[in-house]
Amino acid sequence: MAMFDLPLDELRRYAPAVREPADFDAFWRATLAAEAPRPVLLDVQPEPTDLRLVDSWDVTFAGFGGDPVKAWYTRPAGMDGPLPVVVEYVGYGRGRGLPHERLTWPVAGYAHLLMDARGQSGRYGSGDTADPHAGPAGGPSPVTWGVLDPQGYYYRRLVTDAVRAVQAARALNGVDPARVVAVGNSQGGGLALAVAGLVPDLAAVLTTAPFLCDIQRAIEITDAEPYGEIARYLAVDREAEERVRHTLSYVDGVAFARRAAAPAHFGIGLRDRVCPPSTGFAAYNQYGAANGRPGPVDREIHVYPFNQHEGGEAVQVRRQLRWLAGVLGTPDTGRPSRARPW
């Protein structure tokens, strides 16, 4: 098997003591406390989509620093009762796109809030959220913006946005605030883990090929983007390595995963060079280990030996749907049973 990372039997045991600053918890408490006094929902407007089976709204909520962050809110058409809500985060270089691009969750009967990624659109997808704080301290790409200082680092802002998205989802009409699920692939998967570690009462977490896990190892074993962007930055600014590693330690998904308590579903491709499998296993193997609650957290992982960063794609989504229905129960759409088509 063409692999560059650890063998599967070692991956299943891989649980590194990732670099974690002594003030990790205080740093995030202070960051989120600064946002607490701000109202979260700024604007909600109906969005015409030409789709008859779902309804969509253009949502603006207050993210880090009160900055306006865009999101799409979509739900099964005509359903007034409170539904479980899936809060989804997009991959690196993507934006929220158009509301009809991601319909799996609302078609499955869930309310769905898709968060834009500030300042990232244009590489793989369109977005509508600027990052007014991006400045010269650091490298030229989002993963290196402000990377010399934890306070000014881009992912401090994006993780805060992700937490605020959960708060925004809970404030929307037609949502059951007790059944909020964090979902994402790649960067989105890393954000879902961060939210799991920072929001104590999530109902579930679904993460595939998570980015920003075991970062210190990742930047040493892969040159693929986005980790390669950090390596290229350090190849130029050779004296910045310790400062960069220190900053990255505040956003490592393993540290967040250790603090999580919600049931979790993982997916990993063993040939993934973008987010090496060992880094995802580092989060999975330590998920819930430091949340202060008795007993292990419900979690499962699906491994795709011959896949790269795309992972299990539709097969993984089907497994996510079935697993989440088992955790939450099938969403009650209030619709009568369908007539037989024959």
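Structure shown above.
Residues numbered from 1 in each chain as written. Predicted model: local features only at pLDDT ≥ 70, side-chain atom pairs only at ≥ 80, totals over all residues. Heavy atoms only, no water.

Caption draft 1: Region of the structure containing the sheet that holds strand 6 (residues 175-185). Taken in spatial order, the 9 strands make up an open sheet running 1-2-3-5-4-6-7-8-9, and their pairing is mixed. Either end of the sheet is taken by a strand with one partner, and the two such strands are strand 1 (41-47) and strand 9 (299-304). Going across the sheet, the axis of each strand differs from the next one's by a mean of 20°, ignoring polarity. Two strands pair when backbone bridges link them, and strand 4 (residues 83-89) and strand 6 are joined in this way by 6 bridges, in the parallel orientation. (Pairing = 2+ DSSP bridges. Helix = DSSP H or I, 4+ residues; strand = E, 2+ residues; numbered from the N terminus. Axes fitted to C-alpha atoms, helices over the stretch in contact; angles between N-to-C directions.)

Caption draft 2: Geometry of helix 2 (residues 24-35). If you check helix 2, its first and last C-alpha atoms are 18 Å apart, about what 12 residues at 1.5 Å a residue would give, namely 16 Å. Residues of helix 2 that are buried make contact with helix 4 (154-171), helix 5 (187-198) and helix 9 (253-258). (Expected span 1.5 Å × (residues − 1). Contact = heavy atoms within 4.5 Å.)

Caption draft 3: Geometry of the side chain of Gln316. Along the chain, Gln316 turns up in helix 11 (residues 313-328). With relative accessibility at 2%, the residue Gln316 sits in the buried group. Sequence-distant contacts of Gln316, defined by excluding residues within four places in its chain, comprise Thr208, His265, Phe266, Gly267, His302 and Tyr304. (Buried < 20%, exposed > 50% of the residue type's maximum accessible area, 1.4 Å probe, protein only.)

Caption draft 4: Fine view of the packing of aromatic side chains. Counting across every chain of the model gives 14 aromatic pairs. Chaining the aromatic ring pairs together yields one cluster made of Tyr92, Trp145, Tyr153, Tyr154, Tyr155, Phe211 and Tyr227. Lying over the aromatic face of Trp72, Arg96 brings its terminal NZ or CZ to 3.6 Å of the ring centre. The lysine or arginine in question, Arg299, covers the ring of Tyr284, its NZ or CZ lying 4.5 Å from the ring centre. (Phe/Tyr/Trp six-rings, centres within 6.5 Å; stacked < 30°, edge-to-face > 60°. Lys NZ or Arg CZ within 6 Å of the ring centre and 35° of its normal.)

Caption draft 5: View of the packing of helix 7 (residues 227-236) against helix 8 (residues 241-248). The contact between helix 7 and helix 8 brings their axes to 10 Å, and the two run at 155°. As far as their axial angle goes, helix 8 and helix 7 are roughly antiparallel. When helix 7 is examined against helix 8, the residues Ile230, Tyr233 and Leu234 are found in contact with a partner set consisting of Glu241, Val244 and Leu248. Residues that form the contact of helix 7 with helix 8 fall into these classes: 5 nonpolar, no polar and 1 charged. (Parallel < 35°, antiparallel > 145°, perpendicular 65-115°, else oblique. Nonpolar A, V, L, I, M, F, W, Y, C, P; charged D, E, K, R; others polar.)

Caption draft 6: Geometry of unusual backbone geometry. The step from Glu225 to Pro226 runs through a cis peptide bond, and the omega angle for that step is 5°. Counting through the fold element by element, Pro226 comes out in the loop between helix 6 (215-221) and helix 7. One non-glycine residue, Leu212, lies in the positive phi region at around 70°. Note on placement: Leu212 falls in the loop between strand 7 (204-208) and helix 6. Taking the relative accessible area as the measure of exposure, Leu212 reaches 4% and is therefore buried. Although it is not a glycine, Glu313 adopts a positive phi angle of roughly 45°. Considering the arrangement of structural elements, one finds Glu313 in helix 11. Judged by relative accessible area, Glu313 falls into the exposed class, the value being 52%.

Caption draft 7: Main features of the pattern of salt bridges. In the structure shown here, the tally under the stated rule is 18 salt bridges. In this structure, Arg102 engages Glu88 in a salt bridge whose closest nitrogen and oxygen atoms are separated by 2.9 Å. Here Arg102 is found in the loop between strand 4 and helix 3 (104-107), whereas its partner Glu88 is found in strand 4, with 14 residues between them in sequence. Accessibility expressed as a relative area gives 28% for Arg102, which makes it partly exposed. Ionic pairing is found between Glu241 and Arg245, a salt bridge with its closest N-O pair at 2.8 Å. Of this pair, Glu241 and Arg245 both sit in helix 8, 4 residues apart, which is roughly one turn of that helix. Under the relative-accessibility criterion, Arg245 is labelled buried at 12%. Taken together, the shared-partner salt bridges in this structure form one network comprising Asp67, Arg118, Asp131, Arg157 and Asp161. (Salt bridge = Lys/Arg side-chain N within 4 Å of Asp/Glu carboxyl O.)

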